[in-house]
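Chain by chain, the residues:
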Amino acid sequence: MKHIHLINSLPLNNAEKFTEKATGKYYTDEKIALLMIEKLLPLINAIGKKNYNIADPFSGDGRLVTLLIKQWMLNGFPDVEWNVYLFDIEHAGLVHAKSELAQLKLAGASINVTVKNIDIFYEFENYIDYFDCVITNPPWENIKPDSRELNLFEPSIKLKYIESLREFDDYLSRVLPYSQPKRKFAGWGTNLSRVGAELSLEICNKNGMLAIVMPASFFADEQSFTLRQKFFNTGRLDFINYYPAEAKLFNGADVSSCSFILIKDNFFKEDMQLSVYDKKLNINSFGCFDFSSIDTQHLSIPISQGVHAIHLLKRLQEEYSTWNSLEKNGEIWAGREIDETGSSNWTKKNGDGYLFVKGKMIGRYNFDISHNLKVTKKIDKVPSSSNFERIAWRDISRPSQKRRVIATVIPPNSLAGNSLGVVYYQSGSQDSLFSLLGIINSLCFEFQLRSFLATGHVSLSALRKTAIPSEKILSQHTELKHLVISCMNGCCDAELKVEAYIAKKIYKLNLNEFNKLLSSFDKIELAEKENLLRMFQHYG
Ligand SMILES: C[S@@+](CC[C@H](N)C(=O)[O-])C[C@H]1O[C@@H](n2cnc3c(N)ncnc32)[C@H](O)[C@@H]1O
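Residues numbered from 1 in each chain as written. Predicted model: local features only at pLDDT ≥ 70, side-chain atom pairs only at ≥ 80, totals over all residues. Heavy atoms only, no water.

1. Re the overall build of the protein
The test is simple: Every helix listed is a DSSP run of H or I at least four residues long, and every strand listed is a run of E at least two residues long, numbered separately from the N terminus. To get the radius of gyration, use the C-alpha atoms; to get the globule rule, take the number of residues to the power 0.38 and multiply by 2.2 Å. Only protein chains enter the area calculation, which uses a 1.4 Å probe; residues under 20% of their type maximum are buried, those over 50% are exposed, and those in between are partly exposed. Any two residues having at least one pair of non-hydrogen atoms within 4.5 Å are treated as being in contact. What sets the accessible areas is the Shrake-Rupley method with a 1.4 Å probe; for residues, cover comes only from the shown protein chains. When charges are counted, Lys and Arg are positive and Asp and Glu negative, with His and the chain ends excluded. Each charge is placed at NZ for Lys, CZ for Arg, CG for Asp and CD for Glu.
For the protein, the count of helices and strands is 19 helices and 19 strands. Here the C-alpha radius of gyration of the protein, 26 Å, is about what a compact globule of 540 residues would show, namely 24 Å. With respect to the principal axes defined by its C-alpha atoms, the protein has extents near 80 × 60 × 40 Å. The 540 residues of the protein split such that 55% are buried. Contacts spanning at least 24 positions in sequence make up 73% of the contacts within the protein whose residues lie at least 6 apart. Carbon and sulfur atoms provide 49% of the accessible area of the protein, an area that totals close to 23,700 Å². Charged side chains in the protein number 64 positive and 62 negative. The centres of these two groups are separated by 4 Å.

2. Side note on the packing of helix α3 (residues 30-47) against helix α4 (residues 63-74)
Two quantities define a packed helix pair, namely the angle between the axes and the distance from one axis to the other. For clarity, the threshold we go by: Each axis is a line fitted through C-alpha atoms, and for a helix only the stretch in contact is used; angles between axes span 0 to 180 degrees, taken between their N-to-C directions. Angle categories are assigned with fixed cut-offs, so that under 35 degrees is roughly parallel, over 145 is roughly antiparallel, 65 to 115 is roughly perpendicular, and the rest are oblique. The handedness criterion is simple: a crossing whose near helix is rotated anticlockwise from the far helix by less than a right angle is left-handed, and one whose near helix is rotated clockwise is right-handed. Charged residues are taken to be Asp, Glu, Lys and Arg, nonpolar residues to be Ala, Val, Leu, Ile, Met, Phe, Trp, Tyr, Cys and Pro, and polar residues to be all remaining types, Gly included.
Running from N to C, α3 and α4 point in directions that differ by 55 degrees, and their axes come no closer than 9 Å. Considering their axes alone, α3 and α4 lie oblique with respect to each other. Helix-helix and strand crossings are classified by hand; for α3 and α4 the assignment is right-handed. Between α3, through Glu30, Ala33, Leu34, Met36, Ile37, Leu40, Leu41, Ile44 and Asn45, and α4, the contact on the second element is made entirely by Leu64, Leu67, Leu68, Gln71 and Trp72. Among the residues forming the contact of α3 with α4, the class breakdown is 11 nonpolar, two polar and one charged.

3. Some details on the domain arrangement of the protein
Basically, it comes down to this: As used throughout, domain bounds are those supplied by an automatic or database domain assignment. Put simply, buried area is how much 1.4 Å-probe accessible surface two parts lose in total, over both of them, once they are put together.
Segmentation of the protein into domains returns domain 1 (2-266) and domain 2 (323-538). When each unit is reduced to the centre of its C-alpha atoms, the spacing between domain 1 and domain 2 is 40 Å. Domain 1 puts four residues into the contact, and the matching count from domain 2 is six residues. Summed over both partners, the interface of domain 1 with domain 2 comes to about 380 Å²; 58% of that surface belongs to carbon and sulfur atoms. Looking at the side of domain 1 facing domain 2, the largest losses of area belong to Ser217, Ala220 and Glu222, adding up to 76% of the total buried there.

4. Details of the packing of aromatic side chains
What counts is decided by this rule: Two aromatic rings from Phe, Tyr or Trp, using only the six-membered ring of Trp, form a pair when their centres are within 6.5 Å; if the ring planes differ by under 30 degrees the pair is stacked, by over 60 it is edge-to-face, and anything between is tilted. Note on geometry: a ring has a charge over it if NZ (lysine) or CZ (arginine) is within 6 Å of the ring centre and within 35 degrees of the ring normal.
Taken as a whole and judged by the stated rule, the model has 32 aromatic pairs. Aromatic side chains Phe218 and Phe260 sit 5.5 Å apart centroid to centroid with 10 degrees between the ring planes, which places their arrangement in the stacked category. Residue Phe218 is located in the loop between β5 (204-215) and α9 (225-234), and its partner Phe260 is located in strand β7 (residues 257-263); the two are separated by 42 residues in the primary sequence. This pair shows no difference in class: Phe218 is buried, exactly as Phe260 is. With a centroid separation of 5.6 Å and an interplanar angle of 90 degrees, the aromatic rings of Tyr501 and Tyr539 are classed as edge-to-face. With Tyr501 in helix α17 (residues 494-506) and Tyr539 in the segment after α19 (526-538), this pair connects stretches of sequence that are 38 residues apart. One aromatic cluster in this structure is built from Phe58, Phe121, Tyr122, Phe168 and Tyr171. It is Arg166 that lies over the ring of Trp188; its NZ or CZ is 3.9 Å from the centre.

5. A few points about the pattern of salt bridges
For clarity, the cut-off: The rule for a salt bridge is simple: a side-chain nitrogen of Lys or Arg has to be within 4 Å of a carboxyl oxygen of Asp or Glu.
Following the criterion strictly, the structure yields 18 salt bridges and no others. Note that Asp132 and Lys49 form a salt bridge whose closest N and O atoms lie 2.7 Å from each other. Linking Asp132 in strand β4 (residues 131-136) with Lys49 in the loop between α3 and β1 (51-56), this pair joins segments that are 83 residues apart in sequence. Overall, Lys49 belongs to the partly exposed group, its relative accessible area being 35%. One salt bridge connects Asp169 with Lys184, and the closest N-O pair in it is separated by 3.1 Å.

6. Considerations on the site of the ligand
As a reminder, the rule being used: A molecule or strand has a residue near it when one of that residue's heavy atoms lies within 4 Å. Polar contact is defined as a pair of N or O atoms within 3.5 Å, subject to the rule that within protein one atom must be able to donate a hydrogen and the other to accept it, and that residues adjacent in sequence are counted only when both atoms are side-chain atoms.
Residues in close proximity to the ligand total 23 residues, the closest being Thr28, Asp56, Phe58, Asp88 and Asp119. With respect to the ligand, the backbone of Phe58 contributes an N or O atom lying 2.6 Å from a nitrogen atom. Look at the ligand: alone it shows 590 Å² of surface, and the protein chains cover 99% of it. A per-class count over the shell around the ligand returns 12 nonpolar, six polar and five charged.

7. What about the side chain of Ser259?
As for its position among the elements, Ser259 is in strand β7. Not counting chain neighbours up to four residues away, the residues in contact with Ser259 comprise Met36, Ile212, Val213, Phe239, Ile240, Asn241 and Tyr243.

8. Side note on the sheet that holds strand β6 (residues 236-243)
The following threshold applies: DSSP-based pairing: two strands are paired if at least 2 bridges between them are found.
One open sheet holds the nine strands; their spatial order is β3-β2-β1-β4-β5-β7-β6-β8-β9, and the pairing between them is mixed. Looking at which strands have only one partner, the edges of the open sheet turn out to be β3 (110-116) and β9 (283-290). Strand-to-strand twist in this sheet, taken as the mean axis angle between neighbours without regard to direction, amounts to 15 degrees. Note that strand β2 (residues 81-87) and β3 share seven bridges and pair parallel. Directly across from Phe87, in β3, lies its bridge partner Lys116. Each of β2 and β3 is contacted by helix α5 (residues 92-106), which is oriented at about 170 degrees to β3, the strand it contacts most.

9. Describing helix α12 (residues 431-440)
Of all 10 residues that make up α12, nine are buried, and the element is covered over most of its length. Turning to α12, its buried residues are Ser432, Leu433, Phe434, Ser435, Leu436, Leu437, Gly438, Ile439 and Ile440.

10. Describing the sheet that holds strand β17 (residues 405-410)
One open sheet accounts for four strands, arranged β10-β19-β16-β17; its pairing is antiparallel. Only two strands of the sheet have a single partner each, and these edge strands are β10 (332-335) and β17. Across the sheet, the mean angle separating the axes of adjacent strands is 20 degrees when strand polarity is ignored. Inspection of the sheet shows strand β16 (residues 390-395) paired to β17 by six bridges, in the antiparallel sense. Bridged to Arg390 within β17 is Ile410.

Here it is in structure tokens:
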């Protein structure tokens, strides 16, 4: 990580903040470390060895390994010898780690300590297949120049910095290829949490185990697909603990996290434990799920909502093919239309031209036409979607909101700004378009979407994983079409009816499943839930 040396040549205050970010230095909260360690201890004991090679390749102050040994002793596991290896690019934490381990030795633990102040990404190859247990929390940074921070550098150093980041990125993609993202943007996209996880797996021996803290997105996002595949093919997951962003575990950073254990042995175990914690780190739900129930195409596990969600997701997805496949076979087109940067300079109220559609005009089942903004500039390539009546949606980026997608139908001869997504039937079918709108605005759809969202942002790639009926099937549901039109006309009860209809007649849930689905939305009030359940029963 040559770029770190460059950063260290900055004046102290800036350099301190910057290296902290570049090395991803938020240490693990003790409570979540303990929750992981208490599951790990019996697994280590089951190996039954007299001495263990154990490492934290991103050691920080060594808290994970020291806590593990402390808990081992406190829980009365047999006396064993620990060959402890701690690596870190920063020196200070390692000094603390050494003194903590020395204390444990005084308390009677048998420990041989190897502490190295190194860049582990350049040295891990000396330890391939070496450790019985790796316990860690890697840095979580993206490798990417940050323009605000680049301003701290002289122009010539700025270029050198970008160059050394690029070199580092190229190097990582060669030595740890599975953690490369599926797609890079402007050549960037490597995230150190994935690379660190792959490295940690590599240094586990063939029956070894990896206990790791990671961003929760590891289990959902497309960028981690190849690494998930590598992990699931290399070992078996034993448990996953999920922590919501509101728990603010990493110095207030708004990111949901998880910890899990992967065991590299051939013993096949179908059931995996999943525990979901709330923001106060109390347990919210606990259960086991069958690995064969996860979606084999994306290998994503919707960990945030607990095991019920995994079963429900499977039910919601078993009937229909995905949005993506409808796009691929040309039935629907989905995407963005025009860049809306500086739109106030090239739109005016009334007059001729395309109607300009932006986020605030889009409501649930309604379109606010009162703005009547017209595009005044010449658009070089008018997207063909603009000729169609189509669905436009905007996303709500706060995960705590009840709905993450708000959609309505927009008229032809309009252009949607790129904060909006649009979808339409290439056949021009309007009948099914209304029913599709009902689906996109439904809780059954929202539930699927949430299972695939890795970040606050609702990405098209997450939408593409949802299962939705084909146009042919939807065209048979004329009642749904009429209900959706009633919603658009503001008819009371129509929204409840659409929800119930979609759950029962489209996704074929039973009452119990619908009840569970509704319970997974904490923003649905009891009265609304009861009304929805009543309506559900009304459809015979
Ligand atoms: C998220 S912290 C975790 C520390 C500790 N394992 C814990 O759980 O609290 C990540 C650590 O990785 C270290 N680190 C970052 N890049 C590294 C590298 N290339 N080689 C070794 N350590 C690195 C950081 O200095 C930091 O101490």
